[in-house]
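# Survey of secondary and tertiary structure
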Amino acid sequence: MNFFETYKSGFVVRIKLTPNASFCGFKDLLQDSSELFYLRAYVTTAPEKGKANQELIKMLSQNLKIAKNMFQIIGGETDHWKKIYVNTPLTKDIEITLQSMLKENIK
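Residues numbered from 1 in each chain as written. Predicted model: local features only at pLDDT ≥ 70, side-chain atom pairs only at ≥ 80, totals over all residues. Heavy atoms only, no water.

### Looking at the pattern of salt bridges
Counted by the stated rule, this structure contains 2 salt bridges. Note that Glu5 and Arg14 form a salt bridge whose closest N and O atoms lie 2.4 Å from each other. For Glu5, a relative accessible area of 25% corresponds to the partly exposed category. For Arg40, the salt bridge goes to Asp28, with nearest N and O atoms at 2.9 Å. Taken together, the residues span a long stretch of sequence, with Arg40 in strand β4 (residues 37-42) and Asp28 in strand β3 (residues 25-31) at a distance of 12 residues. (Salt bridge = Lys/Arg side-chain N within 4 Å of Asp/Glu carboxyl O. Buried < 20%, exposed > 50% of the residue type's maximum accessible area, 1.4 Å probe, protein only. Helix = DSSP H or I, 4+ residues; strand = E, 2+ residues; numbered from the N terminus.)

Written as structure tokens, this is what we have:
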């Protein structure tokens, strides 16, 4: 039931983004039609000119304590279903933080 995949030099996080929400934060998992799991994320920002994506990267950066320039959207730039590559190895601490994001984490 992981929403992330590890690779040699980094990892990919799958996220279902809801812009224009009443809060910012991460909640639980959602499964897509191909049975992949995605972490639900909510941002108050509108999906205009990449602003919602920027807010999502900012939230991920703060939660994982990884610089924003290490994140790259590799799938779903203009879609709700996103794949974000993080250019740093997946450490045990990062994995624990990712798992903790499954619980309600509203800001």
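### Considering the nonpolar core
Here is a general trend for soluble globular proteins: nonpolar side chains tend to be buried in one another's company. Formed by 27 residues in total, the largest nonpolar core has its most connected members in Ile15, Phe26, Leu56 and Leu98. Of all the secondary-structure elements, those providing two or more residues to this core are β2 (11-18), β3, β4, α1 (51-64), β5 (71-75), β6 (81-86) and α2 (92-100). Element by element, the count of residues in this core is highest for α1, at 6 residues. (Core = buried A, V, L, I, M, F, W, Y, C linked by side-chain atoms within 4.5 Å.)

### Focus on α1
Within an α-helix, residues lying three or four positions from one another point in the same direction, as the helix has 3.6 residues per turn. In this model, α1 (14 residues) spans 20 Å end to end at C-alpha, consistent with the 20 Å of a helix rising 1.5 Å per residue. Among the residues trailing α1, Lys65 stands out with phi positive, at a value near 55°. (Expected span 1.5 Å × (residues − 1).)

### Re the pairing of β3
Consecutive side chains of a regular strand alternate in pointing toward one face of the sheet and then the other. Summarising the sheet, β3 and β4 pair through 5 bridges and their orientation is antiparallel. Pairing of Gly25 across the sheet is with Tyr42, part of β4. Where β3 folds back on β4, the antiparallel hairpin that results is connected by 5 residues, among which Glu35 adopts a positive phi of roughly 70°. (Pairing = 2+ DSSP bridges.)

### A word on the environment of Gln99
Tracing the backbone through its elements, the reader meets Gln99 in helix α2. The sequence separation of Gln99 and Asp28 amounts to 71 residues, and the corresponding C-alpha distance is 9.9 Å. Beyond its immediate chain neighbours, meaning those up to four positions away, Gln99 contacts Asn2 and Phe4. (Contact = heavy atoms within 4.5 Å.)

### Observations concerning the packing of aromatic side chains
Throughout the structure, instances matching the rule amount to 3 aromatic pairs. Pairing Phe3 with Phe4 gives two aromatic rings, centres 5.2 Å apart and planes at 90°, and the pair type is edge-to-face. Phe3 sits in the buried class, given a relative accessible area of 0%. Seen in terms of ring centroids, Phe23 and Tyr42 are 4.8 Å apart; in terms of plane orientation they differ by 40°. Their pairing is tilted. Of the two residues, Phe23 sits in the loop between β2 and β3 while Tyr42 sits in strand β4, which places them 19 residues apart along the sequence. The pair Phe23 / Tyr42 is uniform in exposure class, with both members buried. Cation over ring: Arg14 sits above Tyr38, and NZ or CZ is 5.8 Å from the ring centre. (Phe/Tyr/Trp six-rings, centres within 6.5 Å; stacked < 30°, edge-to-face > 60°. Lys NZ or Arg CZ within 6 Å of the ring centre and 35° of its normal.)

### Looking at the pairing of β2
Within β2, 7 of the 8 residues are buried, which leaves the element mostly enclosed by the surrounding structure. Both strand β1 (residues 4-6) and β2 contribute to a ladder of 3 bridges, which runs antiparallel. Note that in β2 the partner of Phe4 across the bridge is Val13. Strand direction decides the pairing type here: β2 and β6, joined by 6 bridges, are antiparallel. Across the sheet, residue Ile15 finds its bridge partner in β6, namely Lys82. Pairing geometry for β2 and β4, over 4 bridges, is parallel. Following the sheet pairing, Leu17 is matched in β4 by Ala41.

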